[in-house]
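Listed below, chain by chain, are the residues.
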Amino acid sequence: MFVQIKGDCSKEQIGKIQSEARQAGFEQTLVSCGKEIIVINCIGAVDYERKLALQEFFRGLPFVIDVVIATTQFRLTARQAHPEDFAVRLNGVSIGSAEPLVVIAGPCAVESEQQLISCAEAVKAAGARLLRGGAYKPRKSIFAFQGLGEEGLRLLQQAKRQVGLATVTEVISPELVELVAQYADVLQIGTANMGNYPLLEAVGRTNKPVILKRGMAATINEWLLAAEYIVASGNPRVILCARGVRGIDNGYTRFNADLDAIPVVKKLTHHPVIFDPSHPSGKRELVPDIALGAVAVGADGLLIEVHPDPDSALCDGAQSLYPQQFAELMIKVRAVAIAIGRTI
Ligand code: PEP
Ligand code: MN
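**Student:** I'd love a proper account of the pattern of salt bridges, names of residues and values included.
**Tutor:** Once the charged atoms of two side chains with opposite charge are near each other, the side chains can pair. Within this structure, the stated rule accounts for 14 salt bridges. Salt-bridge contacts for Asp-66 lead to Arg-59; the nearest nitrogen and oxygen are separated by 3.1 Å. Here Asp-300 and Arg-342 are joined by a salt bridge, their closest N and O atoms 2.9 Å apart. Taken as a pair, Asp-300 in the loop between helix H10 (287–296) and strand E14 (301–305) and Arg-342 in the segment after helix H11 (323–339) lie far apart in primary sequence, 42 residues in all. In terms of burial, Asp-300 and Arg-342 fall into one category: buried.

The structure is reproduced here in structure tokens:
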């Protein structure tokens, strides 16, 4: 149940709602403060009749704006739980709310110093705000390149210092979270691990922003419920990333680009929603059009694979843009963003 009260309410008024809710059987009463509205999120297994009675009582209090009984399973990621859009801020970049679109770009995998630095310089010059690059790669085949591991993390840190872009990298197991968090600015949970709950709890215990990719066969509900594992573990800085889902195998793309998830999830939750056009496309010539579609339907950002020499890439070369293509795409991204009233 979400109790919305006036933004200038006193501590005593907030406390009154909390104690009444606890008496009615709610186990948690989380307070979220916005400029004009404060939400008290009452969580617990309370029967419907009791909720209705409490709703009526709260509505009678002069400082209460409204009381919403949750109609979805979401408790922490529901838009009603947070008064305003929630922007994730890091290193002077802000992802979400009405802020400018943020483009994250870089190679699928960190391969070498030369590859990463030249890629970082190129994407930065074209307008990317963060650098991506996997050091631990969750590959389908055990014989495929698995990433450089800690050496890859060191290179990301070097690229950050040298080029000045904050870094995003994937973490694939709970045991690696502490190490990866020492090097990277943003932790990425890949599609294969969306439902790895111990991993979600482990990144939830860090203070780093987390990009949570949608599981390739996950419903939107499953995705948002997965995000709640991170938030419930103490880390609200979750950025949702749609990246294509399994659908009809048309032989032309790798996954079905789930652009519909962007406006749906933006209605359901206050968290930022970004889109990865590289993995659904599978082919670089498709990436720009799908990326522009994502911007047009309201994505708060893009996560794009770029490689200085995609033909020699150790991972996902076919879908990686040449730096020049990325620069051309950024000009169009800007135009579409402006057309829908946003900036970049
Ligand atoms: C990636 O971003 O390189 C990646 C492995 O993505 P996904 O988990 O979406 O396949
Ligand atoms: Mn990839």
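**Student:** Explain the coordination of the manganese ion (ligand 2) to me, using residue names and the numbers behind them.
**Tutor:** For a metal bound by four donors in a tetrahedral arrangement, the ideal donor-metal-donor angle is 109.5 degrees, while six donors in an octahedral arrangement ideally sit at 90 or 180 degrees. The manganese ion (ligand 2) binds to the protein through Cys-108 (SG), His-279 (NE2), Glu-305 (OE) and Asp-316 (OD); the donor distances cover 2.1 to 2.4 Å. Here the donor residues of the manganese ion (ligand 2) are spaced in sequence according to C-x170-H-x25-E-x10-D. One end of the pair, Glu-305, is in strand E14; the other, Asp-316, is in the loop between E14 and H11, and eleven residues separate them in sequence. The pair Glu-305 / Asp-316 is uniform in exposure class, with both members buried.

**Student:** Can you lay out helix H2 (residues 48–59) for me, pointing to particular residues and giving the numbers?
**Tutor:** Compared with the 16 Å implied by 1.5 Å per residue over twelve residues, the 16 Å span of H2 between its first and last C-alpha is a close match. All buried positions along H2 are accounted for by Lys-51, Leu-54, Gln-55 and Phe-58. An end-on view of H2 places all buried positions within 105° of arc, on one side of the element. Structural note: H2 exposes Glu-49 and Glu-56 on the side pointing more than 90 degrees away from its buried face. Each element contacted by the buried residues of H2 is listed here: strand E1 (2–6), helix H1 (11–23) and strand E4 (64–68).

Thresholds applied
Residues numbered from 1 in each chain as written. Chains lettered and ligands numbered in written order. Predicted model: local features only at pLDDT ≥ 70, side-chain atom pairs only at ≥ 80, totals over all residues. Heavy atoms only, no water. Salt bridge = Lys/Arg side-chain N within 4 Å of Asp/Glu carboxyl O. Helix = DSSP H or I, 4+ residues; strand = E, 2+ residues; numbered from the N terminus. Buried < 20%, exposed > 50% of the residue type's maximum accessible area, 1.4 Å probe, protein only. Donors = N, O, S within 2.8 Å, 3.2 Å for Na, K, Ca; no water. Expected span 1.5 Å × (residues − 1). Arc of directions from axis to C-beta. Contact = heavy atoms within 4.5 Å.

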